[in-house]
Amino acid sequence: MTSQDAVPQDAGEQLTLLPAPEAPGGSRTGGRPARPVGALEIASALPVARVVLDLVPHHLDQTFDYLVPASMADGAQPGVRVKARFGPQEVDGFVLARAEDSDHDGRLVPLKRLVSPERVLTPQVAQLCRTVADHYAGTLSDVLRLAIPPRHARAEAAPSGSGAIAVGAPADPSTDDEGRASAPGAQEAAPSRPSEWAPYRGGAAFLNHLVGGSAPRAVWTALPGRVADGVPVQVARAAGGHGTSDEDPAQGVQHWALALAEAVRAAVTGGRGALVVLPDARDVDQMSLALELAGYAPHTARRAGQFVRLTADEGPSPRYRSFLAALRGEVRIVVGTRAAAFAPVQDLGLVACWNDGEETLAEPRSPYPHAREVLALRSEQEGAAFLLGSVSRTVQAQALLESGWAREVAAPRDVLRARAPRVRALTSVELAAEGAGAAARLPSAAWRAVRDALGTGPVLVQVPRAGYMPVVACARCRTAAHCGTCHGPLMLPGPGAPPQCAWCGALAGAWSCDECHWTGLRSVRVGSGRTAEELGRAFPGVTVRVSGASAPGGVLSAVGPRPAVIVATPGAEPVAEGGYAAALLLDAALSTAHVGLAVAQDALHRWLAAAGLVRSAREGGQVLLVGDAAPGPTNALVRWDPAGFADRELAERRELDLPPAVRVAAITGDRQAVDAVVARVGLADPSTTLGPVEVPEAVGRPARGGAGRDPSLQPPVRTIVRVPLREGRRLARELSASLAVRSAKREGGSVRVQLDPKEML
């Protein structure tokens with residue numbers, strides 16, 4: 001985190017820093033009574049409020065005591081938003097507790113204003129935020145910014161259930177002859193559909209524990225499947241689709257979403273609430289459809305229901321309204337993106353995280369918590385069940401299994417083989433007999449597979465890079481083309497467009513090679529736009545659509561069953577009604593060509609996510625991996641064995657003392673500032689410290705749109721501190737204490753501290 005040194009000079013009536021209470025809402029005894037200020041009338045009962053303020057400096061991560069004016073006596077309860085004076089400024093804060101007296105020897109300052117009487121910070125969430133802050137060496141105020149959405153006065157003033165139409169809760173799940181919980185799908189559409197968990201070892205036991213109110217913990221490797229077995233397309237259309245054309249298709253509900261909905265229903269049947277965290281809004285849409293098929297209605301401003309969505313895409317007012325619905329106990333089910341991990345679900349019985357390998361589940365703001373870890377901490381704190389699911393498996397999930405903290409829920413190999421598509425790796429060895437066609441970006445074998453598959457349905461083509469030509473070089477000498485302004489890489493944004501810098505955006509229409517002075521350019525990397533253009537020429541008369549954040553049509557949510565070629569970047573693959581007939585995973589070598597701990601894991605995750613949308617092998621579905629990628633993830637994809645790959649990765653990391661086998665902290669910033677922070681950490685000795693080394697991606701790269709880096713300035717560096725897992729909490733405490741000293745002394749430079757980073761380089 002970057003420390004800020006702007007601490008008020010004139011403390012005035014600044015309050016003494018007090019130790020944080022052991023639990024939100026607690027009080028201390030043996031202190032002095034609060035003294036009134038001037039003629040202001042102070043509350044007669046519990047006149048002292050313990051407040052956490054929204055302050056950035058690390059040494060101010062404390063609670064402060066304020067007097068409660070009599071006018072706020074009823075409203076200033078634990079959990080409400082307040083304004084308080086801190087030096088010369090007014091600062092936002094939350095009341096954590098009320099007390100009879102204070103340990104402060106001086107005069108206390110009264111609260112300035114009660115922002116709202118709504119108690120938005122519950123004791124459970126306050127304790128979770130404190131735990132997360134301590135786990136990641138952060139501050140409580142930083143975590144509270146992530147946990148509590150900004151206030152929306154109009155949504156808060158609206159009465160609960162105003163104009164709502166009551167919707168009854170669905171019936172409890174029945175059990176089959178063997179005692180397993182049946183699927184929570186639409187009762188009229190599929191009354192006899194088997195449980196989505198029936199194919200999994202341990203699936204029925206997990207549901208039974210949820211219904212019984214206990215707290216099992218599981219790592220679940222989901223079966224591939226585009227639409228769950230037994231759910232007719234017309235049912236999915238009734239729940240959320242709008243038609244059958246390619247432009248407006250009915251969204252198919254995937255197997256993983258229905259399985260999660262069944263787990264949610266089991267938790268609700270057991271009398272407790274459920275929280276599901278997903279990577280993005282498209283997955284939230286899938287989960288919402290699955291819950292509707294299970295008989296749960298969404299809760300909106302005009303209609304009462306049983307679940308709410310918590311995503312930033314909803315907008316400030318709907319998001320805050322959903323937050324209040326969970327806070328007030330109007331709903332017991334919350335689904336959302338990473339910030340929903342802090343949602344105030346009452347009597348929480350299940351926390352679930354889907355696809356924890358997605359980067360969107362890692363918070364980019366201080367203290368950089370990952371939704372998986374937040375939910376694991378919350379599961380322990382509130383005694384809730386924990387479910388971590390994915391079509392692949394991360395090394396962190398494998399570590400949970402090997403430690404015994406969670407149990408595995410997976411399908412037998414014969415069930416997996418029946419549900420998975422056929423996978424082929426078109427490597428240079430595999431294509432040796434193809435002749436000259438083997439060297440093409442789309443080999444002859446891949447072209448024939450796409451041609452045949454288009455006769456039965458749509459084909460998915462996954463491309464690692466977005467854009468047209470994201471990297472270009474001199475057409476004569478092959479020297480990489482760079483910007484003359486900032487020396488960043490040049491790209492071609494479209495056909496016929498002049499080259500442009502990928503860093504500063506400057507046009508380079510008069511570019512010439514520094515080595516041979518040639519003005520022609522050739523592609524080094526091909527993006528999704530150029531790939532769609534090439535496929536359009538290779539398959540004339542076939543519809544080609546592009547799905548991606550930078551694509552003209554944006555990210556497609558779903559496509560119809562008609563033959564078409566869908567070009568998508570990783571994470572933007574739309575669901576196909578009836579499943580894709582085939583999938584091409586292009587430029588496989590590029591996906592594993594980088595240097596990093598998680599490169600192979602991420603590549604396998606992206607491939608499996610796309611392959612999971614393809615029909616099964618018995619339905620003719622096939623997946624072609626094109627290129628010479630790293631052997632490990634390639635073999636794991638062909639065998640469809642993410643668990644075995646994660647197990648081998650974890651074993652290798654344990655031998656090399658790499659995370660998650662050890663606890664790691666990355667301290668990045670100016671060299672002197674990094675050295676000062678690390679020097680105060682007792683665990684940072686020569687045997688546990690790596691670096692400092694220059695940060696490769698920051699060297700010479702300017703701020704986006706700015707001038708080049710001043711060569712007289714030293715580049716930022718990074719120091720790695722790694723300790724055994726048993727010393728992880730101590731490392732976080734010592735780093736937090738070092739940062740507090742840094743901010744109190746107003747040391748210069750900038751520093752960012754991140755525990756459990758995804759990459760160490």
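The rules behind these values
- Numbers given for residues are sequential positions, taken from 1 along each chain in its written order.
- Thresholds applied to this predicted model are a pLDDT of at least 70 for local features of residues and 80 or more for the giving and counting of side-chain atom pairs; totals over whole chains, interfaces and linings are not thresholded and use all residues.
- No hydrogens and no water enter the side-chain calculation; it runs on all heavy atoms of the structure.
- In DSSP terms, a helix is any run of H or I states spanning at least four residues, a strand is any run of E spanning at least two, and both are numbered starting from the N terminus.
- Three labels apply to residues, based on accessible area from a 1.4 Å probe with only protein chains included: buried if under 20% of the type maximum, exposed if over 50%, partly exposed otherwise in between.
- The contact criterion used throughout is that any non-hydrogen atoms of two residues lie within 4.5 Å.
- Computed by Shrake-Rupley with a 1.4 Å probe, the accessible areas treat only the displayed protein chains as cover when residues are assessed.
- Multiply 1.5 Å by the residue count of a helix minus one, and that product is the helix's expected span.
- Here a cavity means grid points, on a 1 Å grid over the protein atoms only, where a 1.4 Å probe fits yet cannot get out; a pocket means an open set of points with protein on both sides within 12 Å along at least five of seven lines; lining residues are those with an atom within 4 Å of a point.
- Grid points are joined across faces, edges and corners, and a volume is the space filled by probe spheres set on the points.
- Only Asp, Glu, Lys and Arg are considered charged, only Ala, Val, Leu, Ile, Met, Phe, Trp, Tyr, Cys and Pro nonpolar, and every remaining residue, Gly among them, polar.
- Any two strands with at least two DSSP-identified bridges between them are counted as paired.
- Inter-axis angles, ranging from 0 to 180 degrees, are taken between N-to-C directions of lines fitted to C-alpha atoms, where helices are fitted over the stretch in contact.
- Salt bridge, as applied in this entry: a Lys or Arg side-chain nitrogen positioned within 4 Å of an Asp or Glu carboxyl oxygen.
- Each angle receives one of four descriptions, namely roughly parallel if under 35 degrees, roughly antiparallel if over 145, roughly perpendicular if within 65 to 115, and oblique otherwise.
- Working rule for handedness: look at the near helix, and if it is turned counterclockwise from the far one by less than a right angle, call the crossing left-handed; if clockwise, right-handed.
- In protein, a polar contact means a hydrogen-donor-capable atom and an acceptor-capable atom, both N or O and within 3.5 Å, with residues adjacent in sequence counting only if both atoms are side-chain atoms; elsewhere, any N or O pair within 3.5 Å suffices.
- Side-chain rings of Phe, Tyr and Trp, where Trp is taken by its six-membered ring, are said to pair if the distance between their centres is within 6.5 Å; with planes under 30 degrees apart they count as stacked, over 60 as edge-to-face, and otherwise as tilted.
- Here, a charge over a ring is recorded when the distance from Lys NZ or Arg CZ to the ring centre is within 6 Å and its angle to the ring normal is within 35 degrees.
- By arc we mean the arc of the directions from the helix axis to the C-beta atoms, nothing more.

When helices and strands are tallied, the protein chain shows 19 helices and 30 strands. The 761 residues of the protein chain split such that 53% are buried. Summarising the internal contacts of the protein chain: among those between residues at least 6 apart in sequence, 75% fall at separations of at least 24. Here the protein chain has roughly 31800 Å² of accessible surface; of this, 51% comes from carbon and sulfur atoms.

With 12 residues, helix H9 (residues 371-382) extends 16 Å from end C-alpha to end C-alpha; this agrees with the ideal 16 Å at 1.5 Å per step. Counting buried positions along H9 yields nine of 12 residues, so the element is predominantly enclosed. Listed as buried for H9 are Ala371, Arg372, Val374, Leu375, Ala376, Leu377, Arg378, Ser379 and Glu382. Tucked into the core, H9 has its buried residues touching helix H1 (123-135), strand E8 (217-221), strand E9 (273-277), strand E12 (348-354), strand E13 (385-390) and helix H10 (395-402). Downstream of H9 by a residue or two, Gly383 has a phi angle that is positive, lying close to 65°.

Enumeration over the complete set of coordinates arrives at eight cavities of 30 Å³ or more. Forming the boundary of the largest cavity are Leu146, Arg338, Ala339, Ala341, Phe342, Leu361, Glu363, Pro369, His370, Ala371 and Val374. When the residues that make up the lining of the largest cavity are grouped by side-chain class, the tally is eight nonpolar, one polar and two charged.

Now for the sheet that holds strand E23 (residues 565-568). Pairing is parallel across the open sheet formed by six strands, whose spatial order is E15-E26-E25-E16-E23-E21. Two strands lie at the open edges of the sheet, namely strand E15 (422-426) and strand E21 (544-547), each paired on one side alone. Taken pair by pair, the neighbouring strands of this sheet meet at an average axis angle of 20°, ignoring direction. Here E21 runs beside E23; their pairing, made up of four bridges, is parallel. Its bridge partner being in E23, Val544 is matched across the sheet by Val565.

A few words now on the pairing of strand E3 (residues 63-67). Among the five residues in E3, five count as buried, and that is most of the element. Of the two faces of E3, the one holding Thr63, Asp65 and Leu67 and the one holding Phe64 and Tyr66 are both buried throughout.

The next thing to look at is the environment of Leu683. Assignment of secondary structure puts Leu683 in the loop between helix H18 (671-679) and strand E28 (689-694). Note on Leu683: relative accessible area 11%, which makes it buried. For Leu683 and Arg722, which are 39 residues apart along the polypeptide, the C-alpha to C-alpha distance reads 8.8 Å. Those residues in contact with Leu683 that lie beyond four places of it in its chain are Thr688, Val723, Glu727, Arg730, Leu731 and Glu734.

On to the sheet that holds strand E29 (residues 717-724), then. Taken together, four strands build an open sheet; the order of strands is E28-E29-E27-E30 and the sheet is antiparallel. With partners counted over all chains shown, the strands left at the sheet margins are E28 and strand E30 (751-755), one partner each. Direction aside, the axes of adjacent strands within the sheet are offset by 15° on average. Sheet analysis places strand E27 (residues 662-669) next to E30, joined by five bridges and oriented antiparallel. Among the inter-strand pairings, Ala665 is bridged to a residue of E30, identified as Leu755. Where helix H19 (residues 728-745) meets the sheet, it contacts E27, E29 and E30, and its direction lies at approximately 20° from that of E27.

For the rest of this paragraph, the subject is the pattern of salt bridges. Taken as a whole and assessed by the stated rule, the structure comprises 34 salt bridges. Here Arg654 and Glu402 are joined by a salt bridge, their closest N and O atoms 2.9 Å apart. Separated by 252 residues along the polypeptide, Arg654 in helix H17 (residues 642-655) and Glu402 in helix H10 bring together distant segments of the chain. Arg654 sits in the partly exposed class, given a relative accessible area of 42%. The class of Glu402 is partly exposed, set by a relative accessible area of 37%. Here Asp587 ties to Arg441 by a salt bridge, and the two come within 2.8 Å at their closest N and O atoms.

A few words on the packing of helix H15 (residues 599-611) against helix H16 (residues 631-639). Running from amino to carboxyl end, H15 crosses H16 at an angle of 25°, the nearest separation of the two axes being 9 Å. Put simply, H15 runs roughly parallel to H16. Viewed along their axes, H15 and H16 form a crossing whose handedness is right-handed. Facing Ala600, Leu604, Trp607 and Leu608 of H15, the residues of H16 in contact are Pro633, Thr634, Ala636 and Leu637. Its residues assigned to classes, the contact of H15 with H16 shows seven nonpolar, one polar and no charged.

Structurally, Glu382 can be placed in helix H9. In this structure the side chain of Glu382 is engaged in a polar contact, spanning 2.8 Å, whose partner is the side chain of Arg378.

Here the amide bond leading from Ser366 into Pro367 is cis, since omega sits at 5°, within 30 degrees of zero. As for its position among the elements, Pro367 is in the loop between E12 and H9. The phi torsion at Leu46 lies on the positive side, around 50°, for a residue other than glycine. Position of Leu46 among the secondary structure elements: in the loop between strand E1 (32-33) and strand E2 (48-53). With phi around 65°, His487 is a residue other than glycine that occupies positive phi space. Within the fold, His487 resides in the loop between strand E17 (471-474) and strand E18 (490-491). Overall, His487 belongs to the exposed group, its relative accessible area being 52%.

Moving on, we get to the packing of aromatic side chains. Under the definition given, this model contains 10 aromatic pairs. Between Phe64 and Phe86, the aromatic rings sit 5.5 Å apart at their centres with planes inclined by 75°, giving edge-to-face as the arrangement. Of this pair, Phe64 sits in strand E3 while Phe86 sits in strand E4 (residues 81-86), and the two are 22 residues apart along the sequence. You can call Phe64 buried: its relative accessible area is 0%. Between Trp197 and Tyr200, the aromatic rings sit 5.7 Å apart at their centres with planes inclined by 55°, giving tilted as the arrangement. When sorted by exposure, Trp197 lands in the same class as Tyr200, which is buried. Across from the ring centre of Tyr368, 4.6 Å away, lies the NZ or CZ of Arg752, which sits over that ring.

Okay, H18 next. An α-helix turns once every 3.6 residues. As a result, residues three or four positions apart point the same way. Regarding H18, the residues found buried are Ala673, Val674, Val677 and Val678. Along H18, the residues classed as buried sweep out an arc of 125° about the axis, all on the same side. Facing away from the buried side of H18 by over 90 degrees, the exposed positions are Gln672 and Ala679. Those residues of H18 hidden inside the fold are in contact with E27, E29, H19 and E30.

Let us now look at the environment of Val253. Examined against the element boundaries, Val253 turns out to sit in the loop between helix H5 (233-239) and helix H6 (255-269). Overall, Val253 belongs to the buried group, its relative accessible area being 0%. For the pair Val253 and Leu293, spaced 40 residues apart in sequence, the C-alpha to C-alpha distance is 9.1 Å.

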